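Analysis of the macromolecular model
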Number of protein chains: 2
Amino acid sequence: MKKWVYLFEEGNANMRELLGGKGANLAEMTNLGLPIPHGFTITTEACMDYFINNGVIRDDILDQANKALKLLEEKQGKKFGDIDNPLLVSVRSGARASMPGMMDTILNLGLNDQSVKGLASKTGNPRFAYDSYRRFIQMFSDVVMGLAKSEFEHVLAKIKSEKGYTYDYELTSEDLVEVVNTYKAFYKENLNVEFPQDPNEQLSLAIEAVFKSWNNERAIYYRKLNDIPSDWGTAVNIQSMVFGNMGDTSGTGVAFTRNPATGEKNIFGEYLINAQGEDVVAGIRTPSPISRLEIDMPLVYKDFIRIADILENHYHDMQDMEFTIENGKLYFLQTRNGKRTAQAALEIACQMVDEGMITKEEAILRIEAKTLDQLLHSKFDEEDMKTKACIGKGLPASPGAAAGRVYFTAMDAKEAAKSGQRVILVRLETSPEDIEGMHIAQGTLTCHGGMTSHAAVVARGMGKACVCGCNNCDIDEVGKTMTLGGKLIRQGDYISFDGSTGYIYYGDIKTNPAQIDGNLEKIMAWADEYRTLQIRTNADTVKDAKRAREFGAEGIGLCRSEHMFFGSERIPEIRKMILARNTRQREEALVKLEEFQYEDYKGLYEVMAGLPVTIRLLDPPLHEFLPKADDIRDLAAEMGREIEEVEAHCTELHEFNPMMGHRGCRLAITYPEIAQMQARAIIRAAIDASKTIGQNVKPEIMVPLIGDVKELQNVKATLVNEIENVMAQKGVKLDYSIGTMIETPRAALLSDEIAQEAEFFSFGTNDLTQMTFGLSRDDAGKFLNDYYHKHIYESDPFAKLDQNGVGKLIQLAASQGKKVRPELHLGICGEHGGEPSSIEFVNQIGLDYVSCSPYRVPIARLAAAQASIKLNK
Amino acid sequence: MKKWVYLFEEGNANMRELLGGKGANLAEMTNLGLPIPHGFTITTEACMDYFINNGVIRDDILDQANKALKLLEEKQGKKFGDIDNPLLVSVRSGARASMPGMMDTILNLGLNDQSVKGLASKTGNPRFAYDSYRRFIQMFSDVVMGLAKSEFEHVLAKIKSEKGYTYDYELTSEDLVEVVNTYKAFYKENLNVEFPQDPNEQLSLAIEAVFKSWNNERAIYYRKLNDIPSDWGTAVNIQSMVFGNMGDTSGTGVAFTRNPATGEKNIFGEYLINAQGEDVVAGIRTPSPISRLEIDMPLVYKDFIRIADILENHYHDMQDMEFTIENGKLYFLQTRNGKRTAQAALEIACQMVDEGMITKEEAILRIEAKTLDQLLHSKFDEEDMKTKACIGKGLPASPGAAAGRVYFTAMDAKEAAKSGQRVILVRLETSPEDIEGMHIAQGTLTCHGGMTSHAAVVARGMGKACVCGCNNCDIDEVGKTMTLGGKLIRQGDYISFDGSTGYIYYGDIKTNPAQIDGNLEKIMAWADEYRTLQIRTNADTVKDAKRAREFGAEGIGLCRSEHMFFGSERIPEIRKMILARNTRQREEALVKLEEFQYEDYKGLYEVMAGLPVTIRLLDPPLHEFLPKADDIRDLAAEMGREIEEVEAHCTELHEFNPMMGHRGCRLAITYPEIAQMQARAIIRAAIDASKTIGQNVKPEIMVPLIGDVKELQNVKATLVNEIENVMAQKGVKLDYSIGTMIETPRAALLSDEIAQEAEFFSFGTNDLTQMTFGLSRDDAGKFLNDYYHKHIYESDPFAKLDQNGVGKLIQLAASQGKKVRPELHLGICGEHGGEPSSIEFVNQIGLDYVSCSPYRVPIARLAAAQASIKLNK
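What comes next is a walk through the structure. (Residues numbered from 1 in each chain as written. Chains lettered and ligands numbered in written order. Predicted model: local features only at pLDDT ≥ 70, side-chain atom pairs only at ≥ 80, totals over all residues. Heavy atoms only, no water.)

**What to know about the relation of the copies chain B and chain A**
Put simply, the rule reads: All copies are superposed by least squares; the fitting set is the C-alpha atoms of residues with a pLDDT of at least 70 in both. Note on contacts: a residue pair qualifies if any of its non-hydrogen atoms lie within 4.5 Å across the two residues.
Mapping chain B onto chain A is achieved by rotating through 180 degrees and translating by 0.0 Å along the same axis, at an RMSD of 0.1 Å. The transformation just described matches what one would write down for a two-fold rotation axis. The position closest to the rotation axis in chain B is occupied by the C-alpha of B:Asn657, lying 2.2 Å away. A symmetric contact is evident, with 100% of the interface residues of chain B recurring at the interface of chain A.

In structure tokens form, the structure reads like this:
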């Protein structure tokens, strides 16, 4: 019979696929002899079985869980639901990767009207027993049955106000009995059933709730954001309770072995005396720093530090630990590799290499490449910051400079972001419902909660700026305003804050781009030692090209020549070219455009100073450039034509499916004079730039949207003829190469023929993805969400390369092409060029380079190094 | 050294690739010992070499041609350009396949101011000599130099009128000397050079003109129409002249061994006494029937019949022959397998099988499948014809019933056809410039020319109706009117004519569809013996389905369910469905649509009476159904919504690239209620139809636009669930199958995964072509012509399957799919399913069926048989 349940002592850290991260680490810690409350784990396979089995938990699974529970009773000498000495358990989800979107924890399960009495008499602490029962009802109702926690808070608040109390601790045990009764009545009123008294029923409902939480909206969203497959499932951990709420020698906390925001080597964390775990994480009470424990309970602290060191040394990584102190005895409830900011990740990796704890390869592999993004975006402009008022300070929970308009709900923030605004999400505290809002915001500011609150953890995971626990901030949720530092801030007003310092400013502070220095520079240097892929950039302007070189780009892999036409003095010329009545008129317009192009290319060659520059010929359908409304009138006047005529001409150029229409090489074939103009500009600029930089520029000309070798032959003949003419006129000989984009499936299929004419292939994975899927990037938004919800797509194929389908074509084209022309240079441009999993793929199949946007160059350098290291392992 | 030139005696009929059809057959006839004037052929390779060599004829080629000419001089005992006994030659093009678009013939080359005197004295016939010279100048100027023939006709007409002559034969030899001088002066005036006197110069200019004519507009158009590759090239045939214009014992003619219009076994042809070849073909003089030759020159006729028999028996096919009689001696100038109408092709094939001349396989292979189209379209409705006035009669040059609006130039006809009109092209006589106009017209009517005139030959080749030589028809080209049978007919008026009888009617006669009977029935029965492919039809209506069964369809391979929604009572319901505000509203609208669908499907099942019926779920983007203008107002009123709101909703549904947008299975995934409705209608109709027809219907449900197996899993689950519900409700169990279209490249690439869920694959080659090429069918028109002219595409990939690219994907998908599911049923739907070369391809790669429009079913049956026979050879 299949084994669905593992006792902690039966598992180990390598079993995370089966036991989830939490379960595997609890098993590992148990076997290390650390103080872990006994328990067992129901496997992730049981969760997937539940879904396959149409949402029914198999008897097998429940039987095995019951047997494990019996063993737990024996070990603890307690009985589940017992009136005298009841066993209480926690039930917690735990996937392979930590997932904030899922159900987290139910504590004190096993309490009912009978066993609560047993707990009271056994501990001699009826107040504690009824407080635990009250918490259990509240948590169970919320997490398992979907009754909002806040509803119970209202009930509690009402009783407190009737009694004239301000704080929870003023409630007596009698009061708590009343609270419990009122809670149960509220439960029945809302759900039409009694609160379940059978602990076994409580347990199976809780298990099912954990399973179900794998597929709730937030979990799906989080998985998509983090590329977690939907078929992993979650495990369920059932563990006997220890209590942090048994009085002043009890407590609970969360700590990191190093600082997760900065990487500083120093124990970092928070704890609350006389509390249960969710009080810390939820951010309701602001906890004390972990250093305070040294004063409150020095022996416990010493023990804690000892165990934390054992764990870090055992796992060779910074640990994020949960612990509980029950009557002066320390228990660990969880350890895992801690989430950290990119800044901290770099610092910790460098430290650990220095400490000899890990190798350079390990250090490189340990940094999630895409998080570098956090370091590469802007910091506040010092001068501009001086002009803005500082209105407050909170905890520096996640670094980064954020400026935007204030919104008070995730929903409002999303709406505003959709219309193109930069937004700041301001919340009393965040909850999993806010994840999407946090993701689209520039940053999140909360009034409650500490450095390990939900907001802080999630923001660091996302690499988003966050300031937490800004206690002196007053929010009026109804009026949609906040007051901070005496300033009234309305929804839509600008604020700025720095997640590295915690300072908050009134107004919109300008930001400046980041530099590569310090640890990042060190890691980049290491990465460059290991990577074999060349990293180029997609750049159309001198500014972008400069930025990319600062970030380490080794050339331009894609210069989209059409982007140069959108400037206000250029667009009228390209419009005249498009609306020309004949070749002569078109050539007249092209004369002006040639000069613009010449200047553009010369600038790029000069910045790249001898590095390769790949220029793509005009690609988009011409009507993208066409004028609308007033522009039509102006253009008609300038061209001496009737408005109606120009309008009609524009209409004529309309296309039903422009993505598959008159664009790419098709333009060069029907209007060779455009390609000729571009060839002249490219080669004239190369000749002149060669003089400026003192070495020969070798332009690479890329022909887009090829589907047949004859297209390439045709355009190539046009280009070569023009280039040779220019060189003959100037009496100069320059090397140049002509290659092609592989972006239609047909080009990939017939790449052997195409390679006979092309000196390089650059895979245009945006278009290739569109055509391979038959999926328009501009229209997919209408149904992609349904695809995620229904588990059809795990991720956006335009963000993460579809290795199975599109990848197959790339692989085919690369190998066919190389067979025909062994020296064929192969690269990838398009969005995927800066995405780590896609980079790993193209490294595996032997491409020579990737080209990505300037800000992704460092990510690509790191990802390429990781790919090389993994490949050679 | 490469051999560029072959004497006739060095070649044979199998060398048509190298020598062209004309050259190979001249060689074959020479070796058969038939009376062929000596000559030689410059190869097709020389032509392609000329293009590769940038339009310069290699010295090698000219040297070899000169050597062959020397041998010709020796054989004939004449000298090229000689003043006493000059050798004259004809220069004619000749590709592998006969191509009316190319330069055809120059006669009398070698004449100049000196040699004309030699010819005069040698023949003792100065009138003949100068008439020949005059013809030569005219032909050379037209064909080689591009001076319009009509210009010379004007010159000639002017001289005739000055002299007071009516007919050419009234011109004396002195008059002809004057004509020659005037022609030469006209030549110089227009071309700024003297008419070339050096025969070698004349020859090399003529050779180059033949080469060039391979790539003129008309030749390109003709090649595209007939799938002839552009890299075949044309050969050049140079042959010593024999003269049909030496007096009343001379003549020239064209004849077929059997009737090319009907297939009747009887020599069929025409000849002109005292004329050169171009007089017959050009249709300027109306020639006598060949039977007349028996009376005029009985011995020559007997000889002619003897040789015609030899040729037909030698080639085992009906021959099309050109001959010249010089002073009572018969020469053959050409033979080839004669072009024929589909009706004649069937008749001849059946006759020859009966005669034991060919086998059934050969008979099947001999009929060009796509020409059956001619037999399958309509004939005049007898009743309606009685109501229309017969206004004239011409020669029944190419069968078929044609009715449409009259246009007098190919240009006007094309314009009118573009706007959707049926047109009849009416011309004095046609020339190669008219080919495109003839192609788009319903039929062509000419005033001059016989059964072998240009119009007749081309129309038969195209399978277009044609009536020729309608002499009593007066055309006013300027006023754009014609008069026939006393009726004044203006441009745009309707006429009708029957190409099988030659009768012409005033007005627009209704047509009725054809039947499969007689020879066609016989050939279809033979074809069915040999073919292994199943032939299904694409049909959405009972009418189409019935027609297809009459034509032999073995099931429906594609029922496009969306086509059923366009009726006037249905479209409002589908609009309500699309514009529903929520699932409930959508389901309400679907209730009505379900009843429509139920009736549709039931009707189709009943017609198909147990044959398979494949129904595709709703496929097109929903906005295709949306209302415009007034319809919006009506719909808004009916739905109780504001006009603006409905407008806004319609706008919201706009897509940038609808072909790759929210359509196909994506609709079923986002709106499962639509797929559910269709599933209910399909299965309810199947249950009820099973009772009516007395056997179980097994519906095949086809899910469109799959790109990932998970899409199919999702939609399949929706369908199966709904179908099982309906069957449970009705207490009936029916077999059904669920399969998918393979129409995105990704589906083809991942077909092994998809085959795990699909019971059949139907290749949707329209979409697959669009996406593989990245080419929108609706937009390609903007540049496809440039692609043909620049030799990038040889044919329209939407008409003829791209075997190299798209075919590779089909092959991959078929083999991967079969590996996973050996019983996987494989077929093709879409335009290519009725195209012979595509059918051959899918037969080769082992598909099970093709599905095509009803009228293409007989074509597909024949093409499938041909494919099988070729495969097993």
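**Describing helix H24 (residues 629-639) of chain B**
Residues and elements named next belong to chain B. Just so we agree on the cut-off: Three exposure classes are used, based on accessible area relative to the maximum for each residue type with a 1.4 Å probe and protein chains only: buried under 20%, partly exposed in between, and exposed over 50%. Only DSSP runs of H or I with at least four residues qualify as helices, and only runs of E with at least two residues qualify as strands; both kinds are numbered from the N terminus onward. The arc in question is the one spanned by the directions pointing from the helix axis to the C-beta atoms.
Within the sequence span of H24, burial applies to Ile632, Leu635 and Ala636. Along the axis of H24, the buried residues cluster in a sector spanning 100 degrees; they form a single face. Taken together, the buried residues of H24 touch helix H22 (571-578) and helix H25 (643-652). Directly after H24, the chain includes Gly640, whose backbone phi takes a positive value near 65 degrees.

**What about the packing of aromatic side chains?**
To keep it simple, the criterion reads: Aromatic rings from Phe, Tyr and Trp, taking only the six-membered ring of Trp, are treated as a pair when their centres fall within 6.5 Å; an angle between ring planes under 30 degrees marks them as stacked, one over 60 as edge-to-face, and anything in between as tilted. Remark: a charge is flagged as sitting over a ring if the NZ atom of Lys or the CZ atom of Arg is within 6 Å of the ring centre and within 35 degrees of the ring normal.
Scanning the entire structure with this criterion turns up 36 aromatic pairs over all chains. When the ring of B:Phe128 is compared with that of B:Phe243, the centres are 4.9 Å apart and the planes differ by 80 degrees; the resulting orientation is edge-to-face. Within this pair, whereas B:Phe128 is found in helix H5 (residues 126-143), its partner B:Phe243 is found in the loop between strand S7 (234-240) and strand S8 (251-256), the two being separated by 115 residues in sequence. Both residues of the pair, B:Phe128 and B:Phe243, count as buried. Taken together through their ring pairs, the aromatic side chains of A:Phe136, A:Phe140, A:Tyr187 and A:Phe195 make up a single cluster. Cation over ring: A:Arg223 sits above A:Trp214, and NZ or CZ is 4.2 Å from the ring centre.

**Brief notes about the pairing of strand S19 (residues 465-468) of chain A**
Residue and element names in this part refer to chain A. Inclusion rule: Any two strands are treated as partners once DSSP identifies two or more bridges connecting them.
Residues Ala465 and Val467 of S19 are buried on one face, and the alternating residues Cys466 and Cys468, pointing to the opposite face, are buried as well. Both strand S15 (residues 395-398) and S19 contribute to a ladder of 3 bridges, which runs antiparallel. Paired with Pro396 across the two strands is Val467, which belongs to S19. Sheet analysis places strand S18 (residues 443-446) next to S19, joined by 3 bridges and oriented parallel. Counted as the bridge partner of Thr444 is Cys466 from S19.

**Details of the packing of helix H21 (residues 542-550) of chain A against helix H23 (residues 583-608) of chain A**
Residue and element names in this part refer to chain A. Selection rule: All axes here are fitted lines through C-alpha atoms, helices being fitted over the stretch that makes contact, and every angle between N-to-C directions spans 0 to 180 degrees. Note on angle classes: values under 35 degrees are labelled roughly parallel, values over 145 roughly antiparallel, values of 65 to 115 roughly perpendicular, and the remainder oblique. Left-handed describes a crossing whose near helix is turned anticlockwise from the far helix through less than a right angle; right-handed describes the clockwise counterpart.
Taken N-terminus to C-terminus, the directions of H21 and H23 make an angle of 15 degrees; their axes are 9 Å apart at the nearest point. Considering their axes alone, H21 and H23 lie roughly parallel with respect to each other. Seen from above, H21 lies across H23 with right-handed handedness. Between H21, through Val542, Ala545, Lys546 and Arg549, and H23, the contact on the second element is made entirely by Gly603, Leu604, Val607 and Met608.

**Observations regarding the environment of B:Lys698**
All names here are of chain B. Inspection of the secondary structure assignment puts Lys698 in the loop between helix H27 (672-693) and strand S29 (699-703). When its relative accessible area of 40% is taken as the criterion, Lys698 is described as partly exposed. Lys698 sits 86 residues away from Pro612 along the chain, and the two C-alpha atoms are 6.7 Å apart. Each residue touching Lys698, except ones within four places of it in the same chain, is listed here: Asp735, Tyr736 and Ser737.

**Things to note about helix H25 (residues 643-652) of chain A**
All names here are of chain A. Buried residues of H25: Val646, His649 and Cys650, and no others. Seen along its axis, H25 keeps its buried residues to an arc of 100 degrees; they face one direction. Residues of H25 that are exposed and point more than 90 degrees away from the buried face comprise Glu644, Thr651 and Glu652. Those residues of H25 hidden inside the fold are in contact with helix H22 (571-578) and helix H24 (629-639).

**Some thoughts on the interface of chain B and chain A**
Where we set the bar: The term buried area refers to how much accessible surface (probe radius 1.4 Å) is lost by two components on association, counted for both of them together. Salt bridge, as used here, is a side-chain nitrogen of Lys or Arg placed within 4 Å of a carboxyl oxygen of Asp or Glu. Polar contacts, as counted here, are pairs of nitrogen or oxygen atoms within 3.5 Å of one another; within protein the pair requires one atom able to donate a hydrogen and one able to accept it, and residues that are adjacent in sequence qualify only if both atoms are side-chain atoms.
Listed per partner, the contact involves 48 residues of chain B and 48 residues of chain A. Regarding the contact of chain B and chain A, the summed buried area is about 4,400 Å², with carbon and sulfur atoms giving 56% of it. If you look at where chain B meets chain A, you find 4 salt bridges. As a salt-bridge pair, B:Asp802 and A:Arg746 come within 2.6 Å of each other at their nearest N and O atoms. On inspection of chain B and its partner chain A, the count reaches 24 residue pairs in polar contact (both at pLDDT 80 or more). Of all elements in the fold, only helix H26 (665-670), helix H28 (709-730), helix H29 (745-749), helix H31 (765-773), helix H32 (781-789) and helix H33 (806-820) of chain B reach the threshold of two or more residues within the side of chain B that touches chain A.

**A word on the pattern of salt bridges**
Residue and element names in this part refer to chain A. Counted under the stated rule, the structure contains 126 salt bridges over all chains. Between Lys414 and Glu436 there is a salt bridge, with its nearest N and O atoms 3.6 Å apart. Of this pair, Lys414 sits in helix H17 (residues 410-418) while Glu436 sits in helix H18 (residues 435-440), placing them 22 residues apart in sequence. Across the pair Arg536 and Glu700 runs a salt bridge, and its minimum N-O distance is 3.1 Å. Of this pair, Arg536 sits in strand S26 (residues 534-538) while Glu700 sits in strand S29 (residues 699-703); the two residues are 164 residues apart in sequence, bridging distant segments of the chain. Glu700 carries the same exposure label as Arg536, and that label is buried. Look at the salt bridges and you will find they share partners, linking Glu562, Arg616, Asp619, Arg663 and Asp767 into a network.

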